[in-house]
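# A structural walkthrough
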Amino acid sequence: MNSRTDNPPRRRFAYCLLLPLIFWSSAGFAQQRNAVLHWRNGDSLPGSFLESQGEQIRWKSPVFLDEVRVNASDLTSVVFPASGGDVSIQSDGAFRVATTSGDVFTADLIGADSKTFTMSNERLGKFTIARPAIYSLIRRNNPNMIFDGSQFDDWEIKKTDLWQREPAGHAITQKTGSTLFHKANLPKQFELELELVASAAPKFVLAFAKDKTAAADPGTLRLETWDDQVVLLQNQIKDDLFEPIITIGKGQRDVRLRLAYDGETGELQVSDASGRRLATAKNAHVATGDSGIIVRNRGKDLAIQRLVLSRQVKSRSQNPIDYQKPRVHLLDGSVLYGSLSNIERGPIVLNGDRQRKIDLSQIDRIETPGVQLTVTSDASEMRYADGAVLRGQVQQTSPSHVTLRTAFSDVPIPCAITNALSLRFPLTNKVASPDGLPNQNLDSMKFDSGSLLGLLQFDSANSTLRWKLLGIDSPLRLSAGGRAIIERSARNANKEGISFDANTFPHLIHLHTGEVIPCRVSSCDMDSLDFQSPFLRTQTLKRSHLKTIEFTEDFRNSIDFEKLRRALTVPRFNRDSPPSHIFVANNGDLKRGSLVGIKGNAVDFESKLRKSSVPIERIARVVNVEKPESATVQSTSSEASEFRFKLADGSILRFEPVKVMNGQLIGRSTIYGDVSIPIVNIVELQIGDFEDNGFTSLFSDWVVRPGKEPQFGKTP
């Protein structure tokens, strides 16, 4: 095997001085509506669920003809398309429900018995939930609620805020000093339910102020931690406010408080979660009106498990609330002790032998004392664009649903994929094994959404092209209908190898479809080009396929782009018959004209109605500059069964593989017939609808354009 004397790979890279040879466009991917499967080792693969049971996930990807089977323990998540399909299914249901196991969803109450509530929404259908599993149940469109910060998605969080969404959907930070702020129109009377959790004793600042920078101002009313104490303080002109609230016990990881403020009297009451009064400040001053609420972390970490800010509505006949009893809060501020029942026939609140009829639409919230969050890390999590979160063990998957065994229901819950953001699998200590091969020895399949490590295999027995996926025994057949780029590693491809003699094949032809083929041009007329190539059996090609013919490798004189711009601009007097070609001389000069033909060692062309003949050794290249719509062969033509191959020397060919023989990949092109290329020199395989979205010829921008029309002024 002979070698080129000028190092062909460098020759191809020299094109970067002119225009990019090939670019990979993500526009094609943007048109696809595929979910993306993510592995623990960082790999990903676009596609969709097939019918699956239990821990094994069956996945269909447009890149493969075969389905992919993978254990859920090897995966981190499935990320669904941004639009989620039918946007008609959004948050529905009168109540927002949070469970003790970390689920969050909206639903209507349609039934109840002594142990369960029956609920319904469009996404989950009809289902039951055990009463003890309800952590909070609050009316969504509640005129008294100002802000519910119990969920991460309800905060206006920027990347610089250093807060994240934890498994149960709450906001959490691992950064000392990180601050959240929510702007709110604080009324004269309001209530705040607060529950903060940390890995150790929570350390925090809670403040009411007009912006987040005011949390440390002396005059701001603040609830904050001093060592193991939670204190209420505010510096004032007279009588500074300082009230000890609670002592955080050894091993205590949470702080649960209720604040009630009356701006008319300046009184602020602080109670614990059971309703026991902890402190009363008589001279507190909160910046009501155009104001907001601030939470700042002072410790190692902090999570906001509950933060509900509401208007304080007091019933005239209402006694102090007994927070240790189950109760139903109504929108008018009244509180009914007991449990909600008989929803189907007419809702009532049962309290022992006593019962009271109520209007379901007037329920503010239902409270059950003593419930605790028991969120575990061994559950999968289905997240939706409207903030809903469903957690449990994956029982079944299908193209339309993921069925979860949840902690709150005795029956598995089918979760619609429509409008879902992601399915996250529980973290384990398992790390995906790369089959004993270091990553640098693996090939890489790249998509717009990520990449997939493996090995490209050329199978002579069955299918010529297969992909060996990590952790899966059977290689997968590649489909030409997908969109991806496979880059072969140096272990598997000779990236410096040259597969032909440059002296025998000194020329290059570029096609409208992006192919770059080494050859020796023997002749050309108005219809066809005659040539010999090391990779093609055919020796004739229709001239309509040609974009460029290159005769020399001398790149010492790069293109002057101002000269090129002028050469591509057609004067007004010539716009009806623009030139079809630009001829580039070895010294960089450009000339417009039309290629007449090639005979022997001369190129014949016509320019300004004059015919000329120039020796080939004086011409670097001839470029077709006709507008794409006028070309006989469009760059959008494609064949569904064809792949595009790039070789180490920069050659690019598109064809359908047929067989492997003697180290050669043999196939057939719809344009130039039989093809044979050395497998060892294949450095890149590109899959997909390349003409629309994947490739641009080196000279694709070399297209004639009309000159500017003159601007004539108005006749005086």
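Here goes a summary of the coordinates provided. It should be emphasised that the depicted structure is a prediction, and the values quoted were computed from it without experimental measurement. (Residues numbered from 1 in each chain as written. Predicted model: local features only at pLDDT ≥ 70, side-chain atom pairs only at ≥ 80, totals over all residues. Heavy atoms only, no water.)

This next bit is on the pattern of salt bridges. Here the structure, examined in full by the defined rule, presents 30 salt bridges. Across the pair Glu 67 and Arg 69 runs a salt bridge whose closest N-O atoms are separated by 2.5 Å. For Glu 67, a relative accessible area of 26% puts it in the partly exposed group. By relative accessible area, which is 45% here, Arg 69 ends up partly exposed. Where Glu 224 meets Arg 298, a salt bridge forms, and the shortest distance between an N and an O atom there is 3.4 Å. With Glu 224 in strand 18 (residues 221-226) and Arg 298 in the loop between strand 24 (289-297) and strand 25 (302-311), the pair connects residues that are 74 residues apart, well separated along the chain. Note on Arg 298: relative accessible area 38%, which makes it partly exposed. Overlapping salt bridges, with partners in common, bring together Glu 193, Arg 258, Arg 306, Asp 364, Arg 365 and Glu 367 in one network. (Salt bridge = Lys/Arg side-chain N within 4 Å of Asp/Glu carboxyl O. Buried < 20%, exposed > 50% of the residue type's maximum accessible area, 1.4 Å probe, protein only. Helix = DSSP H or I, 4+ residues; strand = E, 2+ residues; numbered from the N terminus.)

Another aspect to go through is the nonpolar core. Judged by nonpolar contacts, the single largest core of 105 residues is most densely connected at Met 119, Met 382 and Leu 478. Apart from the residues within four sequence positions on either side, Met 382 is in contact with Phe 80, Ala 388, Val 389, Leu 390, Val 402, Leu 404, Cys 415, Ala 416, Ile 417, Ala 420, Ser 422 and Leu 423. In this structure, Phe 190, Phe 208, Val 270 and Ala 281 belong to the second largest nonpolar core, which totals 40 residues. (Core = buried A, V, L, I, M, F, W, Y, C linked by side-chain atoms within 4.5 Å. Contact = heavy atoms within 4.5 Å.)

Turning next to the sheet that holds strand 15 (residues 179-186). Judged by pairing direction, the sheet is antiparallel, and its 6 strands sit side by side in the order 15-24-17-18-19-20 without closing on themselves. Each of the sheet's edge strands pairs with one partner strand only, and the pair in question is strand 15 and strand 20 (241-247). Averaged over all adjacent pairs, the angle separating strand axes in this sheet is 15 degrees, with direction ignored. Pairing between strand 17 (residues 204-208) and strand 24: 5 bridges, direction antiparallel. (Pairing = 2+ DSSP bridges. Axes fitted to C-alpha atoms, helices over the stretch in contact; angles between N-to-C directions.)

Turning our eyes to something else, we now look at the sheet that holds strand 28 (residues 339-341). Whenever strands of a sheet pair, they do so through backbone hydrogen bonds, lying parallel or antiparallel. The 3 strands lie next to each other as 28-29-30, forming an open sheet whose pairing is antiparallel. A strand with exactly one partner marks an edge of an open sheet, and here the two such strands are strand 28 and strand 30 (354-357). Adjacent strand axes in the sheet meet at a mean angle of 30 degrees when their direction is disregarded. Where strand 28 meets strand 29 (residues 348-351), 3 bridges bridge the pair, whose relative direction is antiparallel. Note that in strand 29 the partner of Ser 341 across the bridge is Ile 348.

All right, on to helix 3 (residues 561-568) then. Helical periodicity: at 3.6 residues per turn, an α-helix aligns residues three or four positions apart in one direction. Those residues of helix 3 that fall on the buried side of the exposure criterion are Leu 564, Ala 567 and Leu 568. Mapping the buried residues of helix 3 onto a view down its axis gives an arc of 90 degrees, with all of them on the same face. Along its buried surface, helix 3 packs onto strand 47 (569-570), strand 48 (581-585), strand 49 (590-599) and strand 58 (705-706). (Arc of directions from axis to C-beta.)

Counted under the stated rule, the structure contains 15 aromatic pairs. Ring centres of Phe 190 and Phe 208 lie 5.2 Å apart, and the angle between their planes is 50 degrees; on these two criteria the pair is classed as tilted. Of this pair, Phe 190 sits in strand 16 (residues 189-197) while Phe 208 sits in strand 17, placing them 18 residues apart in sequence. Plain terms: the ring middles of Phe 643 and Phe 645 are 6.5 Å apart, the flat faces sit at 55 degrees to each other, and that makes the pair tilted. Here Phe 643 and Phe 645 have matching classes, each one buried. Pairwise contacts between aromatic rings join Phe 49, Trp 59 and Phe 80 into one cluster. (Phe/Tyr/Trp six-rings, centres within 6.5 Å; stacked < 30°, edge-to-face > 60°.)

Positive phi, close to 55 degrees, is recorded for Lys 608, a residue that is not glycine. Within the secondary structure layout, Lys 608 lies in the loop between strand 50 (602-607) and strand 51 (610-615). For Asn 662, which is not glycine, the phi dihedral falls at a positive 55 degrees. Inspection of the secondary structure assignment puts Asn 662 in the loop between strand 54 (652-661) and strand 55 (664-669). Residue Asn 662 is classed as exposed on the basis of its relative accessible area of 75%.

The next thing to look at is empty space enclosed by the protein. Per the counting criterion, the structure on display carries 4 cavities of 30 Å³ or more. Of all the secondary structure elements, the ones that give two or more residues to the lining of the largest cavity are strand 7 (95-99), strand 11 (134-139) and strand 25. When the residues that make up the lining of the largest cavity are grouped by side-chain class, the tally is 7 nonpolar, 7 polar and 3 charged. Looking at the second largest cavity, its volume works out to about 80 Å³. The greatest single-element share of the lining of the second largest cavity, amounting to 3 residues, is contributed by strand 25. (1 Å grid on protein atoms, 1.4 Å probe; cavity = no way out; pocket = protein on both sides within 12 Å on 5 of 7 lines; lining within 4 Å. Points joined across faces, edges and corners; volume = space filled by probe spheres on them. Nonpolar A, V, L, I, M, F, W, Y, C, P; charged D, E, K, R; others polar.)

With that settled, the discussion passes to the pairing of strand 43 (residues 516-524). Two strands pair when backbone bridges link them, and strand 42 (residues 507-511) and strand 43 are joined in this way by 4 bridges, in the antiparallel orientation. Residue Ile 509 lies in a different strand from strand 43, and its bridge partner there is Ile 517. Counting the residues that bridge the hairpin from strand 42 to strand 43 gives 4 residues, and of these Gly 514 lies at a positive phi of roughly 105 degrees. Both strand 43 and strand 44 (residues 528-532) contribute to a ladder of 4 bridges, which runs antiparallel. Within strand 44, the position partnered with Arg 520 by the bridge is Gln 532. Connecting strand 43 to the next strand, strand 44, in antiparallel fashion are 3 residues.

The next point concerns the pairing of strand 38 (residues 450-458). Pairing between strand 37 (residues 443-447) and strand 38: 5 bridges, direction antiparallel. Bridging from a neighbouring strand, Phe 447 pairs with Gly 450 of strand 38. In terms of strand pairing, strand 38 meets strand 39 (residues 465-469) through 5 bridges, oriented antiparallel. Residue pairing across strands places Gly 454 opposite Leu 469, the latter belonging to strand 39.

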